[in-house]
Amino acid sequence: MISFPDHSIDYHKSKKENLFRVDLKFVKSMLLPLFLMYGGMHCSISQPIPKIYTAFKIDQELLIDGNENEVAWRFIPWSDNFIDIEGVKAPKYNTKVKMAWNDTYFYLLAKLEEPHVWGDLKKKDTVIFYNNDFEVFIDPDGDTHNYYELEINALNTAWDLFLTKPYRNGGKVLDSWDIQGLKSAIKIEGTLNHPSDEDKGWSIEIAIPWVAITEASNSNKAPANQFWRINFSRVNWDFDISDKNYSRKKDAAGKYMPEYNWVWSPQEVINMHEPERWGYVYFSDELSSSGFQFELPKDEKLKWKLYEQYRKLHEDLNYEIPDKFVNDDTSISLNLEKHLLGWNLWVLSPYTNKKLIISKDGKFNSIK
């Protein structure tokens, strides 16, 4: 059969379901006769491969002061530099992150290049991405439901929230939820809110207690030798200066210019709230010098293909899923099972003999 990918662009600007969508159905209708003419080619676009990072265990508790001068950080590798959220363009300024852990905390250290470090939001749980910020997204069990988000600006003002589902599935945002015991600190290489000079950037160091973020996982302990789905985003705005104060730049019509979204693992769409696209962080209890490398389970690649079809079906219930798809030269049957409360999309893994299932509301599950 002929399959056309959905090239909708989701511009998720407010994180409150303020979505701007450009639909290219007209383009598809123009291309269809050409595909039919050339014998029914199969057309599909695979998502970018998510990033993978191994977070090594450390045997000490770090002082959270925004610096990277503690010995433990010296042996922890940096991530790749962030890329634009769609995975194509290189950002104007570099961003990178380190990760480590012990039995009490998940540690993060991010470094953000920026010639003008500024911020004016000082009240906790305000919409922090209206300033330049650094954001953390965590889905402990990889089912795309019940995940965490944390945003922090250069003033060290935080917004932490819990989401029951992605916005596309009607998820609720629990703004009153807090990461109890959160520690964070900022170090600025330059001067904050001083337009007259040029800065090098800012660093943020974070300690997230496991007890606060294992509530949505399958265990109440640190995930030793397990992986979680995690991503990081950096929001950056063009700015104006008036009376020596910074503000978000507006266009000629008086509307705010769109922000830049730079991420660790590319999302392909301008929407951080598709958790199935996030990266993989493996929490190794090995030493960072051991040379250990985490190998992604083959079932995860099946999940990528399953979610590709899920997104198309979620967008258009008349979309006809293919009977099969190929993964690592193996042909795998794709099944759509309808029931009174919706439908399930599933495959039987040839690698683990598990049934991998995505329900209508986007939640992933697997059963033997």
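Just so we're clear, the structure is a prediction, and the values are computed from it rather than from any experiment.

Definitions and cut-offs
Residues numbered from 1 in each chain as written. Predicted model: local features only at pLDDT ≥ 70, side-chain atom pairs only at ≥ 80, totals over all residues. Heavy atoms only, no water. pLDDT = per-residue confidence, 0-100. Contact = heavy atoms within 4.5 Å. Core = buried A, V, L, I, M, F, W, Y, C linked by side-chain atoms within 4.5 Å. Buried < 20%, exposed > 50% of the residue type's maximum accessible area, 1.4 Å probe, protein only. Helix = DSSP H or I, 4+ residues; strand = E, 2+ residues; numbered from the N terminus. Pairing = 2+ DSSP bridges. Axes fitted to C-alpha atoms, helices over the stretch in contact; angles between N-to-C directions.

In this model, the protein carries an average pLDDT of 88, and 87% of its residues clear a pLDDT of 70 or more. Every residue in residues 1–45 is under pLDDT 50, and counting partners more than four places away or in other chains gives 80 contacts.

Note that soluble globular proteins tend to have their nonpolar side chains buried in a common cluster. Core analysis: the largest hydrophobic core is formed by 51 residues, its most contacted members being F106, F134 and F232. Among the elements that take part in this core, strand β6 (residues 105–113) stands out by supplying seven residues, more than any other. Ranked by size, the runner-up nonpolar core spans 16 residues in total, among them L313, W343, L345 and F364.

The next thing to look at is the sheet that holds strand β23 (residues 364–367). Overall, antiparallel pairing links the four strands, which are arranged β20-β21-β22-β23 in an open sheet. Whereas interior strands pair on both sides, the edge strands pair on one side only; in this sheet they are β20 (335–339) and β23. Sheet twist, expressed as the average angle between the axes of neighbouring strands with direction ignored, equals 25°. The pairing of strand β21 (residues 342–348) with strand β22 (residues 355–359) spans five bridges and is antiparallel. Bridged to L348 within β22 is K355.

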